[in-house]
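Chain by chain, the residues run as shown.
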Amino acid sequence: MRNISLQRLVVAVLVILAVLVAWYRPLQDVANAPVGAGLKRALVSFASARALNAVISVIQGTEFSIEPIGVGVTLTPGQILDPVNDLIEEFSTVMLVASVAFGVQKMLLAIGAHTAISAAVTCIALIWAVLYYLQRAPSWLSRVLVVLLMVRFAIPVATVGSDWVFQHFLAEDYDKSQAALDVSSGELNKRVPVMPQSSPSPPAPSEEKGLIERLKDRARAIVTLPSIDLPAIKKSVESIPERVLKLIVVFLMQTIIVPIILLWALYKAVFAVVQQSRPPQLRAPAAGGIQ
C-alpha cells in the first residue's frame, strides 16, 4: 500500500511538472538557439560547396587549343578534378537537405510551443491524473497523453540534446573541416587560368618573311597560352574528400541520427511512466504496448 501511494505521488509530481514546463516560454528560446546556429552552419557549408564546385568547374572547362606545326591539339588538363567535383556536388546536396531539416525543426518547435498544444497537454494531463488516482484511466486517454507530450516536448529535447552532442563531440571536426574547405577553395581560385587578353590581329605575314620567322611567330603565340599548375592543384584538393566526409558525418549526426535516438528514448521514457502508473489489472503485457 505504501508503494502504491508513493507511486501515485511520483506520477502526480511528474504530471504537474509536465503541465508547468508546457507553459514555460523560455524553453522555446533554449531550443530555437541551437536550431538557428545549426541552420547557419549548414548554409555556410552549402555556400562553400557551391563556390568550390564553381571554381573546379571553371578549371575543368578550360581548354587549350594549339597548333604547334599546323596540327590542331585540344588539351583539358582540368578533367583530373572530375571525381572531386562529383563529391562536392553530392556534398552540396547533403548540405541543402540538412538546411531543410533545420528549417523543419524550427517549424515543429513553433507548432509544439503553440498555446493550443500547451492547453491540450494541461487538460489531458490533469484529467488523466485524476482518473489514474481513481484507478480508472482508460488506455485511449493514456495514448492521447503520450502523443501530446511527444508533440510538446519531443522536438525541444531532440534539438537541445543533439546540440549538446555537437558541442562536445562534433564541433572541433566541423570547425577544422570547414576551415580546410575554405582554404582549399581559396587556393584553387588562385589556380584558375587567366586567358590572355586578345591583341589586335597581327598584320598579314609579308611575303618577304621566311620559314624561320613564321615559326618564331607561332612559337611566341604558343608561349602566351595560359597554363595550369597541376601539381599545385592536386595538392590543394588532396584533403577535400576527407574534410567533406567529416562534414557529412557531422550534419547527419546532428539532424538525423542523434535526434532519432533521443526521440526513441523520450518515447520509451514517457511510455514507461504511463504504463507503470496504471493499475496492475489494467496494465498491458510487458512485451506489448498500451492496451
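Let us look at the structure shown here. Remember, it's a predicted structure, so these values are computed and weren't measured experimentally. (Residues numbered from 1 in each chain as written. Predicted model: local features only at pLDDT ≥ 70, side-chain atom pairs only at ≥ 80, totals over all residues. Heavy atoms only, no water.)

**Here's the deal with the overall build of the protein chain**
Point 1. Helix and strand counts for the protein chain stand at eight helices and two strands.
Point 2. Each helix (α) and strand (β) of the protein chain, taken in turn from the N terminus, gives the series α-α-β-β-α-α-α-α-α-α.
Point 3. Restricting to contacts in the protein chain with at least 6 residues of sequence separation, those with at least 24 account for 82%.
Point 4. Summed over its atoms, the accessible surface of the protein chain is roughly 17000 Å², and 67% of this surface lies on carbon and sulfur atoms. (Helix = DSSP H or I, 4+ residues; strand = E, 2+ residues; numbered from the N terminus. Contact = heavy atoms within 4.5 Å. Areas by Shrake-Rupley, 256 points an atom, 1.4 Å probe, with all protein chains shown as cover.)

**Side note on the nonpolar core**
Point 1. Formed by 29 residues in total, the largest nonpolar core has its most connected members in I88, F91, L188 and I240.
Point 2. At the level of secondary structure, the elements contributing two or more residues to this core comprise α2 (26–61), α3 (82–112), α5 (139–190), α7 (230–237) and α8 (240–277).
Point 3. Excluding residues that lie within four positions of it along the chain, F91 makes contacts with S45, A49, L181, V244, L247 and I248. (Core = buried A, V, L, I, M, F, W, Y, C linked by side-chain atoms within 4.5 Å. Buried < 20%, exposed > 50% of the residue type's maximum accessible area, 1.4 Å probe, protein only.)

**Details of α7**
Point 1. The complete set of buried residues in α7 reads A232, I233, S236 and V237. Looking down the long axis of α7, one finds its buried residues gathered within 125° of arc, a one-sided arrangement. Exposed and oriented more than 90 degrees from the buried face of α7 are P231 and K235. (Arc of directions from axis to C-beta.)

**Examining the side chain of T159**
Point 1. Summarising the element assignment, T159 is placed in helix α5.
Point 2. Apart from residues lying up to four places away in sequence, T159 is in contact with A31, P34, V35, Q105 and L109.

**A few points about helix α4 (residues 115–133)**
Point 1. Over its 19 residues, α4 runs 27 Å from end to end, which matches the ideal 27 Å to within 8%, given 1.5 Å per residue.
Point 2. Among all positions in α4, only I117, S118, V121, T122, I124, A125, W128, A129 and Y132 are buried. (Expected span 1.5 Å × (residues − 1).)

**Some details on a nonpolar patch on the surface**
Point 1. Taken together, L6, L9, V10, V13, L14, I16, L17, L20 and V273 make up a surface patch of nonpolar side chains, about 790 Å² in accessible area.
Point 2. Considering every element that reaches the nonpolar patch, the biggest residue donor is helix α1 (residues 2–22), with eight residues.
Point 3. The residue V273 is located in helix α8 in this model.
Point 4. You can call V273 partly exposed: its relative accessible area is 36%. (Patch = residues over 30% accessible without salt bridge, like charges linked within 9 Å, V, L, I, M, F, W, Y side chains within 5 Å. Salt bridge = Lys/Arg side-chain N within 4 Å of Asp/Glu carboxyl O.)

**Some words on the pattern of salt bridges**
Point 1. The final tally for this structure, using the stated rule, is two salt bridges.
Point 2. Note that E172 and K176 form a salt bridge whose closest N and O atoms lie 3.0 Å from each other. Here E172 and its partner K176 are both found in helix α5, four residues apart, which amounts to about one turn of the helix.
Point 3. Residue K176 is classed as partly exposed on the basis of its relative accessible area of 47%.

**Considerations on the packing of aromatic side chains**
Point 1. Taken as a whole and assessed by the stated rule, the structure comprises five aromatic pairs.
Point 2. Ring geometry for W164 against F169: centres 5.8 Å apart, planes inclined by 70°, an arrangement best described as edge-to-face.
Point 3. The exposure class of F169 is exposed, given its relative accessible area of 53%.
Point 4. Members of the aromatic cluster, each reached through a chain of ring pairs, are F166, Y174 and F251.
Point 5. R41 extends its terminal NZ or CZ atom over the ring of F166, reaching a point 3.8 Å from the ring centre.
Point 6. The ring of Y174 has R41 sitting right over it, with the charged end atom 6.0 Å from the ring centre. (Phe/Tyr/Trp six-rings, centres within 6.5 Å; stacked < 30°, edge-to-face > 60°. Lys NZ or Arg CZ within 6 Å of the ring centre and 35° of its normal.)

**Examining a negative patch on the surface**
Point 1. Where like charges cluster on the molecular surface, the negative patch consists of D82, D86, E89 and E90.
Point 2. Considering the arrangement of structural elements, one finds E89 in helix α3.
Point 3. The class for E89 is partly exposed, based on a relative accessible area of 35%. (Lys, Arg positive; Asp, Glu negative; His and termini not counted. Charge placed at Lys NZ, Arg CZ, Asp CG, Glu CD.)

**Focus on the packing of α5 against α7**
Point 1. Look at α5 against α7: their axes get within 9 Å of each other, and the N-to-C directions meet at 165°. Considering the angle they form, α5 stands roughly antiparallel to α7. The interaxial crossing formed by α5 with α7 has left-handed handedness. Between α5, through S184, E187 and L188, and α7, the contact on the second element is made entirely by I233, S236 and V237.
Point 2. Grouping the amino acids of the contact of α5 with α7 by side-chain chemistry returns three nonpolar, two polar and one charged. (Axes fitted to C-alpha atoms, helices over the stretch in contact; angles between N-to-C directions. Parallel < 35°, antiparallel > 145°, perpendicular 65-115°, else oblique. Left-handed = near helix turned anticlockwise from the far one by under 90°. Nonpolar A, V, L, I, M, F, W, Y, C, P; charged D, E, K, R; others polar.)

**As for the packing of α4 against α5**
Point 1. Relative orientation of the contacting elements α4 and α5 amounts to 145°, with a least axis distance of 10 Å. As for the relative orientation of α4 and α5, their crossing is left-handed in sense. Residues I117, S118, A120, V121, I124, A125, I127, W128 and L131 of α4 touch α5, and the partners they reach there are L141, S142, V144, L145, L148, L149, V151 and R152.

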